[in-house]
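In case you want the letters, here they are:
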Amino acid sequence: MYNIILIGFMGCGKSSLGCRLSYQHQLPFIDTDKYIEQQQKQTVAEIFAQAGEPYFRQLETEALEQLCCHKVKTIIAVGGGLPMRAENRRLLHKLGCVIYLRASAEILYDRLQHDTTRPLLQGTNPKQTIIDLLAQRAAIYEKTADIVIEVDGYNGEQIATQIWEAIEQYEPISD
Ligand code: S3P
């Protein structure tokens, strides 16, 4: 049973595309940030502020472990930092087909410049933070992905179609 997992930087469209695909293909959708918020009864920003980022990262790993027990094919969007842990990458591959939504720093800044919900972007120079974080993370997103989908220049409908076509052609290589 293969889940469909969307990874990528904050603002690349994982949650909105996950919702769209869920609606179009009648599959359940889980966003790990929302999943954690519901379990903790706190927002991600509150968890960062009160318990710190390492604690949030631990909750992300626990969320993936719990999702591995789900038996229904699901579309899963994960937080932008989640694939940075090797343990999480192992769990992502156990869960299913990993799709990286690749967006440029320019597009991401455009979408995120007024955001107040993401703790990592509340410093004085969010543009530089996006550039630096993306530079650190891009290679990890690439190596984690089974499929890479370009975001820049496409609307949600076009990206959703590209994702679905790529999934239909995707054949997992068993080891
Ligand atoms: C984070 C991304 C956020 C959220 C948290 C940390 C990150 O999720 O998990 O603010 O480290 O990139 P989105 O990618 O859904 O914004």
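Rules used in this analysis
Residues numbered from 1 in each chain as written. Predicted model: local features only at pLDDT ≥ 70, side-chain atom pairs only at ≥ 80, totals over all residues. Heavy atoms only, no water. Near = heavy atom within 4 Å. Polar contact = N/O pair within 3.5 Å; in protein donor to acceptor, adjacent residues only side chain to side chain. 1 Å grid on protein atoms, 1.4 Å probe; cavity = no way out; pocket = protein on both sides within 12 Å on 5 of 7 lines; lining within 4 Å. Sits in = over half its atoms within 2 Å of the grid points. Phe/Tyr/Trp six-rings, centres within 6.5 Å; stacked < 30°, edge-to-face > 60°. Buried < 20%, exposed > 50% of the residue type's maximum accessible area, 1.4 Å probe, protein only. Helix = DSSP H or I, 4+ residues; strand = E, 2+ residues; numbered from the N terminus.

Student: Where do I start with the site of the ligand in this structure?
Tutor: Neighbouring the ligand are 14 residues, the closest being Lys-14, Asp-33, Arg-57, Arg-118 and Arg-137. In the model, an oxygen atom of the ligand is placed 2.7 Å from a nitrogen or oxygen of the Asp-33 side chain. At 2.8 Å from an oxygen atom of the ligand is found a main-chain nitrogen or oxygen belonging to Gly-80. More than half of the atoms of the ligand fall within 2 Å of the grid points belonging to the largest pocket.

Student: What is the right way to read the packing of aromatic side chains from this model?
Tutor: To describe a pair of aromatic rings, one takes the distance between the centres and the angle between the planes. Taken as a whole and judged by the stated rule, the model has 2 aromatic pairs. Aromatic side chains Phe-48 and Phe-56 sit 5.2 Å apart centroid to centroid with 45° between the ring planes, which places their arrangement in the tilted category. For the pair formed by Phe-48 and Phe-56, the shared burial category is buried. Relative to Tyr-141, the ring of Tyr-100 has its centre 5.0 Å away and its plane inclined at 35°; by these criteria the two rings are tilted. Of this pair, Tyr-100 sits in strand 4 (residues 96-102) while Tyr-141 sits in helix 7 (residues 126-144), placing them 41 residues apart in sequence.

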